[in-house]
Amino acid sequence: MKMNEEELEIKQDQEASGKQPEEQPEEQPVKKKRGISLFTAGLLIGIFLSWLCMLILFRVQGRQMPYLVNGRSTDKNSVLSKEVQSKIRLLEGSIDQNFIGEVSDEDLATGIYKGMVDATNDRYSEYYTKEEMEKVQESATGVFYGIGAYVGIDADTNYPKLTGIMEDTPAEKAGLKAEDIIVEVDGEEVRGMELNDVVSKIKGPRGTDVELTIFRQGEKDYLHITVTRDKVESPTVTLEMLDGDIAYIVIRQFETVTVGQFKEKLQEAKDQNAKGILLDLRGNPGGTLDSVVQIARELLPEGLIVYTEDKYGNRNEYKCDGSKKITIPLVVLVNENSASAAEILSGAIKDYGIGTLVGKTTFGKGIVQKVFSINDGTAVKLTISHYYTPKGNDIHEVGVEPDIEVDLDVEKYVDDGIDTQYDKALSVLKDKIKKGEADK
């Protein structure tokens, strides 16, 4: 796959998804206190805060949101009916009286909140506890504690897959490689698991070990690789100047820190009189809409970058003034793991015809999520709109097709380090540079 949204030192989300520091103190089970149920009171307060947050943050045209009284919606169709409240109390009492294990009121309440969001059947929507939200916020710092790899979901197998390995990191030192399929983490099967959960299992305190069971094409059996976690400073953008004055720029994800890093690398390329740019978005799971829009403004001509439409038909447009339009040949590498924000950028480049896309059709995540904070430190991430390329293409579950389709020969890549997609893209870029020089 690609991810979503959220990732890691090992990257998410996809999104994102997904980085974070050290250990969390082990939580001890809390025995439930009875009487007037703290759980029920907490539930009512939590739902009140959630609805209040939505009321403030959403501007709805043509439809009035139900207002709140004492934490309950006046909408007669609200899920928080007397019948539902009564059933929750019955379930709570049954768990308290019959469940053989221990469970805290806080855990039960969290289960209810997560269950409400899970009921949307949207893999990208999620309720965050306070601790989980802190991890999400840390993802933009560029400093993580983990193994130093990027991870996505393989579309064919539904297993997590390493989409890239950072240089001079525990992952590289342990011998992990891009395209490795993660079968187990510390002996636990991870197929079908949410990306954020996989990332959380791989992360951990500095100096601790994590064992990954890996399927690698060409190997007769699974590989069991132990990696010692460490602090990882994650550059989201890298630049390498190739022969022929070609700037090879890789964007691993689109986070807050990515904007400054990209501008810096792009300026370095210009200062070295780059004749062409090879932009690699393969394995990029996406990131924030704001980040990709700012980066697009460094490349695109005047016009739309992307526009979004919400459930009520409200449209938001993100535009570029064209003052920094790229004037040298551009080739963009994409693959089935290029998702979300990576598809916004590649889709716009294709629509304007300012670059040639090489590789495989992208993941096809054409929807936007937004995190709504609640004042107790928790939050909810919801899918709020579809996005469309400048020409109005909805790429959700479709993807962006490359101009030149090239498969990655995984066997050659694993055995000899030969990147067939990269080689083709570089050849295309060199031809474009030669043609441009000949036309002058």
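Residues numbered from 1 in each chain as written. Predicted model: local features only at pLDDT ≥ 70, side-chain atom pairs only at ≥ 80, totals over all residues. Heavy atoms only, no water.

**Points about the overall build of the protein chain**
Counting secondary structure elements, the protein chain contains 11 helices and 21 strands. Looking at the protein chain as a whole, 50% of its 440 residues qualify as buried. For the protein chain, the computed accessible surface area is about 21800 Å², with 47% contributed by carbon and sulfur atoms. (Helix = DSSP H or I, 4+ residues; strand = E, 2+ residues; numbered from the N terminus. Buried < 20%, exposed > 50% of the residue type's maximum accessible area, 1.4 Å probe, protein only. Areas by Shrake-Rupley, 256 points an atom, 1.4 Å probe, with all protein chains shown as cover.)

**Section: the packing of helix 8 (residues 289–296) against helix 9 (residues 341–352)**
Between helix 8 and helix 9, the shortest axis-to-axis distance is 9 Å and the interhelical angle comes to 25°. In terms of their interaxial angle, helix 8 and helix 9 are classed as roughly parallel. Like other packed secondary-structure pairs, helix 8 and helix 9 cross with a definite hand, here right-handed. Residues L289, V292, I295 and A296 of helix 8 pack against A341, I344 and L345 of helix 9. Taken together, the residues of the contact of helix 8 with helix 9 break down into 7 nonpolar, no polar and no charged. (Axes fitted to C-alpha atoms, helices over the stretch in contact; angles between N-to-C directions. Parallel < 35°, antiparallel > 145°, perpendicular 65-115°, else oblique. Left-handed = near helix turned anticlockwise from the far one by under 90°. Contact = heavy atoms within 4.5 Å. Nonpolar A, V, L, I, M, F, W, Y, C, P; charged D, E, K, R; others polar.)

**Describing the pattern of salt bridges**
Two side chains bearing opposite charge may form a pair once their charged atoms approach each other closely. One pass over the structure, following the stated rule, counts 18 salt bridges. Across the salt bridge formed by K173 and D168, the nearest N and O atoms sit 3.8 Å from each other. In this structure K173 comes out as exposed when scored by relative accessible area, which is 64%. The salt bridge partner of E437 is K275, with a shortest N-O separation of 3.7 Å. Highlighted residues: E437 in helix 11 (residues 420–439) and K275 in the loop between helix 7 (256–271) and strand 14 (276–280), separated in sequence by 162 residues. K275 sits in the partly exposed class, given a relative accessible area of 37%. Each member of the salt-bridge network shares a partner with another, and the members are D154, K161 and E179. (Salt bridge = Lys/Arg side-chain N within 4 Å of Asp/Glu carboxyl O.)

**Considering the layout of surface pockets**
The computed volume of the second largest pocket comes to approximately 1300 Å³. Lining the second largest pocket are 44 residues; nearest its centre among them are T163, G164, A178, R252 and Y413. Contributions of two or more residues to the lining of the second largest pocket are made by strand 6 (160–165), strand 12 (237–242), strand 13 (246–251), helix 10 (410–416) and helix 11. With 4 residues, strand 6 is the single largest residue contributor to the lining of the second largest pocket. (1 Å grid on protein atoms, 1.4 Å probe; cavity = no way out; pocket = protein on both sides within 12 Å on 5 of 7 lines; lining within 4 Å. Points joined across faces, edges and corners; volume = space filled by probe spheres on them.)

**Brief notes about the packing of aromatic side chains**
Within the structure shown, the criterion is met by 3 aromatic pairs. On the basis of an interplanar angle of 55° and a centroid distance of 5.3 Å, the ring pair of Y113 and Y127 is categorised as tilted. Residue Y113 is located in helix 3 (residues 105–118), and its partner Y127 is located in strand 3 (residues 126–128); the two are separated by 14 residues in the primary sequence. With centroids separated by 5.1 Å and ring planes inclined at 75°, the aromatic side chains of Y248 and Y422 adopt a geometry described as edge-to-face. Of this pair, Y248 sits in strand 13 while Y422 sits in helix 11, and the two are 174 residues apart along the sequence. When sorted by exposure, Y248 lands in the same class as Y422, which is buried. Across from the ring centre of Y307, 3.6 Å away, lies the NZ or CZ of R315, which sits over that ring. K365 extends its terminal NZ or CZ atom over the ring of Y124, reaching a point 4.6 Å from the ring centre. (Phe/Tyr/Trp six-rings, centres within 6.5 Å; stacked < 30°, edge-to-face > 60°. Lys NZ or Arg CZ within 6 Å of the ring centre and 35° of its normal.)

This is a description of form; function is not addressed.
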